[in-house]
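Tertiary structure, described
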Amino acid sequence: LASVSLITALAVHCVVLLTMTVFSGYFSHSTDFEVHRNWLAITHSLPVSKWYHENTSEWTLDYPPLFAWFEYSLSHVAQHFDKEMLVVQNLIYTSPATILFQRLSVIVTDIVFIYAVKECCRSVREEKGSKDLLGHPFFILAALLLWNFGLLIVDHIHFQYNGFLFGILLLSVARHLQGRHLEGALLFTVLLNLKHIYLYIAPAYGIFLLRSYCFTKDNTDGSVRWSSFSPVRLVALGSIVISVGALSFGPFIAMGQLPQVLSRLFPFKRGLCHAYWAPNVWALYNMVDKALSVLGVRLKLLDVAKLPKASMTGGLVQEFQHSILPSVSPSITLICTLLSIMPAVLSIWCRPRGARGFLRCLVVCALGSFMFGWHVHEKAILMAILPFSILAVESREDAGIFLMLTTTGHYSLFPLLFTAAELPIKVLLMLLFTLYSFTSLKKLFRGSLLNPLETTYLLGLVAVEILCEVVYPLSPWQHTLPFVPLLVTSVYCSLGVSYSFIRLYVSLLRQHGTDKHKQL
């Protein structure tokens, strides 16, 4: 049954991907398309010693070395499509053959994601599932992952390789759910060396493996039995981390280029928020600061000439100063992020709940970093949504939180696709995925999963869309205040994401208070 479920979902997934590839090939050439084309050219045309120094394009290589080698591997296939795309000086190069290769490379590397979905489906608890195929938990999970709206538009219209990366993450999670912890640790270590944004969920991995793998037994009250510590297991984990790190960073350490690589990986000069504010705490903070500054000017309490320029709303990626509220530094965001995930991490140390407790902690860490991190991209919401899908098909409460988070988080991605040609496809895909999520989970848990207030909030997204796409473009403010639709979308979605984060945390802490036994 699980195989039939996966095959059915996979068939539809392939049809959707091919359709979107044809569509996006004609209409969409995002900035990230040129970013990855440039990285293909750098890794193919230049010696390794120049990879992290090359700056002909503004889109310099800023991913860890393993991803650079991934691009290097792709470049050897790319040369058979169009060698000109591999010339560093050919900026913004978009030949039909180049477009075809880039699009097909995302589809082919999605094989990793598809395999990971299969393994996650194998790990789902089945007791709540109905007997028919379409209502079974692992079919619903396969659909929620393979047809995920956010991943489809980010990878196959906007253009990135998130499916490949999330595939490694989900496969790592599946291995922990299956009790294969060394494999899970190896996969996550590889993932960290492919994209360093996953450092945000490293605390969940580190504490879980230390507490539930290196310590082999608990006391009767569920606390750690210190005498059960296994040095052999710790050495095994350490060997994995050191070996993968040495393979990835070793050549650059040998060339004395580690500081240069790290400066590319952590560019703190980029500013608190991305050009489009991710729907998090800092979007709300910026909005309050903006409102207070406007109010101060209106009441003649502030001199507009002395206020900092409003670069935070102008779409620029740079540092800026807040007008009224204290400006936020990278160290402040780091402290806030650590404080936001600390209770979740402590919960899996004090009262481990097995691999599913780890998975819940991972989602909290991903969402906490999204809420409080420095220069967060809106796409990072997928790091919480995709793993959370596993819990959503196993728990009624998680399903309700999932629907709130997914609907709000996915809608916040709409500004990535801003052309008129892309409007119908993003609305259609969003509606299809959202309707399926609501109907399938409602059927699985036999009843409504949201209260009236939550439903009203989500219906408000329709009003936001009409305002941003229909009403505001016809208004006289469109040319003088072009950032308003982005601001409205970000701030409104921030409320829903914040609410989901709080509900998820309450759920985690409540389970921490009731569970007394380790379930690894």
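Our subject is the structure that appears above.
Our subject in this report is the structure included herewith. (Residues numbered from 1 in each chain as written. Predicted model: local features only at pLDDT ≥ 70, side-chain atom pairs only at ≥ 80, totals over all residues. Heavy atoms only, no water.)

With that settled, the discussion passes to the overall build of the chain. Along the backbone of the chain there are 19 helices and zero strands. Going through the 520 residues of the chain one by one, you find that 54% of them count as buried. Restricting the contact set of the chain to residue pairs at least 6 apart, pairs at least 24 apart contribute 76%. When the accessible surface of the chain is summed, it comes to about 22,200 Å², and 69% of that surface belongs to carbon and sulfur atoms. (Helix = DSSP H or I, 4+ residues; strand = E, 2+ residues; numbered from the N terminus. Buried < 20%, exposed > 50% of the residue type's maximum accessible area, 1.4 Å probe, protein only. Contact = heavy atoms within 4.5 Å. Areas by Shrake-Rupley, 256 points an atom, 1.4 Å probe, with all protein chains shown as cover.)

Every α-helix winds through 3.6 residues per turn, so residues three or four apart in the chain are directed the same way. In this model, helix 12 (residues 281–298) (18 residues) spans 26 Å end to end at C-alpha, consistent with the 26 Å of a helix rising 1.5 Å per residue. Taken as a whole, helix 12 has its buried residues at Trp282, Ala283, Tyr285, Asn286, Asp289, Ser293 and Gly296. All buried residues of helix 12 fall inside an arc of 160 degrees around its axis, so they share one side. Among the residues trailing helix 12, Lys300 stands out with phi positive, at a value near 60 degrees. (Expected span 1.5 Å × (residues − 1). Arc of directions from axis to C-beta.)

Turning to the packing of aromatic side chains, a few remarks are in order. For any pair of aromatic rings, geometry is given as the distance between the ring centres together with the angle between the planes. Summed over all chains, the structure comprises 32 aromatic pairs. Judged by centre distance (4.6 Å) and plane angle (10 degrees), the rings of Phe70 and Phe164 are stacked. In this pair, Phe70 is assigned in helix 3 (residues 65–78) and Phe164 in helix 7 (residues 162–177), connecting sequence segments 94 residues apart. When sorted by exposure, Phe70 lands in the same class as Phe164, which is buried. A centroid spacing of 4.6 Å and a plane angle of 5 degrees characterise the contact between Tyr457 and Tyr492, whose relative ring orientation is stacked. (Phe/Tyr/Trp six-rings, centres within 6.5 Å; stacked < 30°, edge-to-face > 60°.)

What follows covers the side chain of Thr337. For Thr337, the position within the fold is in helix 13 (residues 330–350). In this structure Thr337 comes out as buried when scored by relative accessible area, which is 6%.

Taken together, the side chains of Val462, Ile466, Leu467, Val470, Val471 and Leu474 define a hydrophobic patch exposed on the protein surface, amounting to about 550 Å² of accessible area. With respect to the helices, strands and loops of the structure, Val470 is situated in helix 18 (residues 452–471). For Val470, a relative accessible area of 46% corresponds to the partly exposed category. (Patch = residues over 30% accessible without salt bridge, like charges linked within 9 Å, V, L, I, M, F, W, Y side chains within 5 Å. Salt bridge = Lys/Arg side-chain N within 4 Å of Asp/Glu carboxyl O.)

This part covers the packing of helix 15 (residues 382–392) against helix 16 (residues 396–411). In the contact formed by helix 15 and helix 16, the axes pass within 10 Å of each other and the chain directions differ by 155 degrees. By the angle between their axes, helix 15 is roughly antiparallel relative to helix 16. Regarding helix 15 and helix 16, the two cross each other, and that crossing is left-handed. In contact with Leu382, Ala384, Ile385, Phe388, Ser389, Leu391 and Ala392 of helix 15, helix 16 contributes Asp398, Ala399, Ile401, Phe402, Leu405, Thr406, Gly409 and His410. For the contact of helix 15 with helix 16, the residue count by class is 10 nonpolar, four polar and one charged. (Axes fitted to C-alpha atoms, helices over the stretch in contact; angles between N-to-C directions. Parallel < 35°, antiparallel > 145°, perpendicular 65-115°, else oblique. Left-handed = near helix turned anticlockwise from the far one by under 90°. Nonpolar A, V, L, I, M, F, W, Y, C, P; charged D, E, K, R; others polar.)

Right, let's get into the nonpolar core. Formed by 144 residues in total, the largest nonpolar core has its most connected members in Phe166, Leu169, Tyr198, Ile201, Leu382 and Leu441. If sequence neighbours within four positions are ignored, Leu169 has contacts with Leu191, Tyr198, Ile201, Tyr205, Leu362 and Pro387. (Core = buried A, V, L, I, M, F, W, Y, C linked by side-chain atoms within 4.5 Å.)

As a further point, take the environment of Val288. Here Val288 shows up in helix 12. By relative accessible area, Val288 is classed as partly exposed at 43%. Residues Val288 and Ile324 lie 36 residues apart in sequence; the distance between their C-alpha atoms is 9.0 Å.

So, on to the state of the cysteines. This structure, assessed with the given rule, holds zero disulfides. Between Cys468, a free cysteine, and Cys493, which holds the nearest cysteine sulfur, the sulfur-to-sulfur gap is 9.2 Å. Residue Cys468 is classed as buried on the basis of its relative accessible area of 10%. (Disulfide = S-S within 2.5 Å.)

Moving on, we get to the side chain of Thr333. Here Thr333 is to be found in helix 13. With relative accessibility at 3%, the residue Thr333 sits in the buried group. Excluding residues that lie within four positions of it along the chain, Thr333 makes contacts with Leu272, Trp282, Val328, Phe372, Gly373 and Trp374.

Turning our attention to the pattern of salt bridges. This model, assessed by the stated rule, comprises 12 salt bridges. A salt bridge links Arg175 to Glu183, with the shortest nitrogen-to-oxygen separation between them at 3.1 Å. Glu183 gets classed as partly exposed once you look at its relative accessible area, which sits at 36%. Residues Lys379 and Glu378 are paired through a salt bridge, measuring 3.5 Å at the closest nitrogen-oxygen approach. Here the salt bridges share partners, and the residues they tie into one network are Lys118, Glu119, Arg122, Arg175, Arg180 and Glu183.

Helix length check: helix 10 (residues 231–254) (24 residues) gives 30 Å between terminal C-alpha atoms against 34 Å at 1.5 Å per residue, more than 12% under. Burial in helix 10 covers these residues: Leu237, Ile240, Val244, Ser248, Phe249 and Phe252. Buried residues in helix 10 make contact with helix 3, helix 8 (181–192), helix 9 (202–214) and helix 11 (258–265). Immediately beyond the C-terminal end of helix 10, within one or two residues, lies Gly256, with a positive phi of roughly 70 degrees.

Time to look at unusual backbone geometry. Phi is positive for Phe159, which is not a glycine, with a value near 100 degrees. Mapped onto the elements of the fold, Phe159 is located in helix 6 (residues 149–159). Of the residues examined, Phe159 reaches a relative accessible area of 0% and is grouped as buried. Positive phi, normally seen in glycine, also occurs at His375, with a value near 50 degrees. Positionally, His375 belongs in the loop between helix 14 (354–372) and helix 15.

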